[in-house]
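Residues per chain, in single letters:
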Amino acid sequence: MASVAAPRRSRITPEREAELYEAVLDLLREVGYDALTMDAVAARTRSSKATLYRQWGGKPELVARAIRHSKPGRVADVDTGSLRGDLRALVTREDDCSMERNSALMRGLVMAVHNNPDLLRAFKELLIEPELEELRGVLRRAVDRGEIRADNPALDFVVHMMLGAFATRALIEDRPPTQDFLTSYIDAVVLPALGVPSTGTTAGPSAGTH
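Residues numbered from 1 in each chain as written. Predicted model: local features only at pLDDT ≥ 70, side-chain atom pairs only at ≥ 80, totals over all residues. Heavy atoms only, no water.

**Notes on the overall build of the protein chain**
Along the backbone of the protein chain there are nine helices and zero strands. Walking the protein chain from its N terminus toward its C terminus, one meets helices and strands in the order α-α-α-α-α-α-α-α-α. Counting all 210 residues of the protein chain, 41% fall into the buried class. Intrachain contacts of the protein chain at a sequence separation of at least 6 include 70% that bridge at least 24 residues. (Helix = DSSP H or I, 4+ residues; strand = E, 2+ residues; numbered from the N terminus. Buried < 20%, exposed > 50% of the residue type's maximum accessible area, 1.4 Å probe, protein only. Contact = heavy atoms within 4.5 Å.)

**Points about the layout of surface pockets**
Roughly 1,400 Å³ of internal volume is contained in the largest pocket. Only α4 (59-70), α5 (83-91), α6 (96-115), α7 (117-144) and α8 (158-173) provide two or more residues apiece to the lining of the largest pocket. In terms of residues, the lining of the largest pocket owes the most to one element, α6, which gives 10 residues. When its residues are assigned to classes, the lining of the largest pocket shows 26 nonpolar, five polar and five charged. Here the second largest pocket is characterised by a volume of approximately 200 Å³. Lining the second largest pocket are L132, L135, R136, L139, R140, V143, L155, D156, F157, V158 and V159. (1 Å grid on protein atoms, 1.4 Å probe; cavity = no way out; pocket = protein on both sides within 12 Å on 5 of 7 lines; lining within 4 Å. Points joined across faces, edges and corners; volume = space filled by probe spheres on them. Nonpolar A, V, L, I, M, F, W, Y, C, P; charged D, E, K, R; others polar.)

**Overview of the confidence of the model for the protein chain**
Mean pLDDT over the protein chain stands at 88; residues scoring 70 or higher make up 90%. Residue range residues 201-210 is modelled with pLDDT below 50. Its contacts to residues more than four positions away, or to other chains, number 19 contacts. (pLDDT = per-residue confidence, 0-100.)

**Digging into the nonpolar core**
The biggest cluster of nonpolar side chains holds 28 residues, and the ones touching the most others in it are V24, L28, V63, I67, L109 and F123. Elements represented by at least two residues in this core include exactly α1 (14-31), α2 (38-45), α3 (49-56), α4, α6 and α7. When residues of this core are assigned to their parent elements, the largest contribution, six residues, is made by α1. Setting aside residues up to four positions removed in sequence, L28 forms contacts with Y33, L36, V63, L105 and L109. One finds V75, V91, L191 and V196 within the second-largest nonpolar core, a separate group that totals 26 residues. (Core = buried A, V, L, I, M, F, W, Y, C linked by side-chain atoms within 4.5 Å.)

**Re the pattern of salt bridges**
Under the defined criterion, the tally for this structure stands at 23 salt bridges. Here D187 and R88 are joined by a salt bridge, their closest N and O atoms 3.3 Å apart. Of the two residues, D187 sits in helix α9 (residues 179-194) while R88 sits in helix α5, which places them 99 residues apart along the sequence. Judged by its relative accessible area of 29%, R88 is partly exposed. Ionic contacts of the salt-bridge type, sharing partners, join the residues R68, R74, D77, E131 and E134 into one network. (Salt bridge = Lys/Arg side-chain N within 4 Å of Asp/Glu carboxyl O.)

**So, the environment of P153**
The topology assignment puts P153 in the loop between α7 and α8. With a relative accessible area of 59%, P153 lands in the exposed category. In the structure, P153 is positioned 40 residues away from A193 in sequence and 8.9 Å away in space, judged by C-alpha atoms.

**Concerning unusual backbone geometry**
A positive phi is found at R46, a non-glycine position, where the angle reads about 55°. In this fold, R46 is placed in the loop between α2 and α3. For D174, which is not glycine, the phi torsion reads 55° and is therefore positive. Locating D174 in the fold gives a position in the loop between α8 and α9. Taking the relative accessible area as the measure of exposure, D174 reaches 70% and is therefore exposed.

**Let's talk about the packing of α1 against α2**
Viewed as axis vectors pointing N to C, α1 and α2 meet at an angle of 125°, and their least axial separation amounts to 10 Å. By the angle class used here, α1 and α2 are oblique. As α1 runs across α2, the sense of the crossing is right-handed. Where α1 approaches α2, its residues R16, L20, A23, V24, D26, L27 and E30 are matched on the opposing element by A40, V41, R44 and T45. (Axes fitted to C-alpha atoms, helices over the stretch in contact; angles between N-to-C directions. Parallel < 35°, antiparallel > 145°, perpendicular 65-115°, else oblique. Left-handed = near helix turned anticlockwise from the far one by under 90°.)

Laid out in structure tokens, this is it:
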């Protein structure tokens, strides 16, 4: 299976690129992935469809890159000196309003991802795998600091826990995820599973050697 094409952005400014991505996200919220067309994106952004295809190859890559661009900074840039601090910093990068909007957007994309192999491939290559690798870096730092044992089986499931909390709160409680909910979840579920104290800002080396 062919991988997603490399970026082709030699003729577009960063400002114009950001404008296009925001328009794509607005259209996704309005009509959903299946009804979103490159014609609609071209009309909304006053672009030619040929330009869109030349820059992004097609709708799956354009949507995946728009989602990636909307994220507030890179996971790899977060380094507070403790795993608890890092995870809390990650979930507080967005305010509750933005989190609610993005949660609704991602729920709408879940079915589309499962029904569109090209979109799934674009998401994996451009969004999921890069963020997973960055999160693994955060966890490796925690292991190196002695906060987590390297053989802790929960290490392989941190992303599942975090995404599960984010995605299922609306389903279970009919409420959007919030900073308070996610930070409480980190302290009550994620850190205990990793053997990390859920109080204080740092953990001593003994936390990883129980």
